[in-house]
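Structural features, examined
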Amino acid sequence: GDSVTQMEGPVTLSEEAFLTINCTYTATGYPSLFWYVQYPGEGLQLLLKATKADDKGSNKGFEATYRKETTSFHLEKGSVQVSDSAVYFCALSSSGSARQLTFGSGTQLTVLP
Amino acid sequence: DARVTQTPRHKVTEMGQEVTMRCQPILGHNTVFWYRQTMMQGLELLAYFRNRAPLDDSGMPKDRFSAEMPDATLATLKIQPSEPRDSAVYFCASGLWQGGTGANVLTFGAGSRLTVL
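What counts and how
- Residues numbered from 1 in each chain as written.
- Chains lettered and ligands numbered in written order.
- Predicted model: local features only at pLDDT ≥ 70, side-chain atom pairs only at ≥ 80, totals over all residues.
- Heavy atoms only, no water.
- Contact = heavy atoms within 4.5 Å.
- Buried area = accessible area lost by both parts, 1.4 Å probe.
- Salt bridge = Lys/Arg side-chain N within 4 Å of Asp/Glu carboxyl O.
- Polar contact = N/O pair within 3.5 Å; in protein donor to acceptor, adjacent residues only side chain to side chain.
- Helix = DSSP H or I, 4+ residues; strand = E, 2+ residues; numbered from the N terminus.
- Nonpolar A, V, L, I, M, F, W, Y, C, P; charged D, E, K, R; others polar.
- Disulfide = S-S within 2.5 Å.

1. A look at the interface of chain A and chain B
Chain A puts 20 residues into the contact, and the matching count from chain B is 23 residues. Roughly 1,700 Å² of surface becomes buried between chain A and chain B when both sides are summed, with 55% attributable to carbon and sulfur atoms. Here chain A and chain B share zero salt bridges between them. Our count for the contact surface shared by chain A and chain B stands at two residue pairs in polar contact (both at pLDDT 80 or more). Mapped onto the side of chain A that touches chain B, the elements with two or more residues apiece are strand 5 (32–38), strand 6 (44–50), strand 10 (86–93) and strand 11 (101–103) of chain A. With four residues, the top contributor of residues to the side of chain A that touches chain B is strand 5 of chain A. Here the side of chain A that touches chain B is built from residues that sort into nine nonpolar, eight polar and three charged.

2. Structural notes on the state of the cysteines
Residues and elements named next belong to chain B. Within the structure shown, the criterion is met by two disulfides over all chains. Each sulfur of the disulfide joining Cys 23 and Cys 92 lies 1.9 Å from the other. When the S-S torsion is -60 degrees, as for the bridge of Cys 23 with Cys 92, the disulfide is left-handed. With Cys 23 in strand 3 (residues 19–24) and Cys 92 in strand 9 (residues 88–95), the pair connects residues that are 69 residues apart, well separated along the chain.

Here it is as structure tokens:
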């Protein structure tokens, strides 16, 4: 079945540091890949997505590239801000899955001033 | 901005009581999901509706949980009787399913935080 494995947190960085959160997946067919972000006390929000191999999703300075050969979708940001502190979820949507979205376990990011 | 509305935002109840959580999906969306989030288990899918029909509720304890969509503007999740282990944040999400590659984006509500004493 489909699954998503995320790098374990928590991750603590200083402001302006480089961020990488690793995500790998297992899926049937050709899934779409997503990163969602959850700020404290809120629901999940879509951060970015990629629908086919070699696509790069980007938003708010965050980027992730769909790598089919390594089944990965790592999230990166060149310079994090305190306001980026949140929980980040990698997810996939497979046409072969009735559950639509399969989420990773989430990675807590804390950015210190 | 269109949003998914969940009520109540917070609920404290005693063990054995019935709890009903409500969700108003985004107008025009044809899929609705209920998730439960806890520190220990993370995000768990409880139920999934498409065009108001339940497609997958295998993640839901059937003996005490029930999920329905009485109409396109309302989804409900009911727990009867509630137990302390049900304490969690319950999220509703809606999306537009168009088939094909399954590249469907979900919009989440802010959640209902349930505490069962």
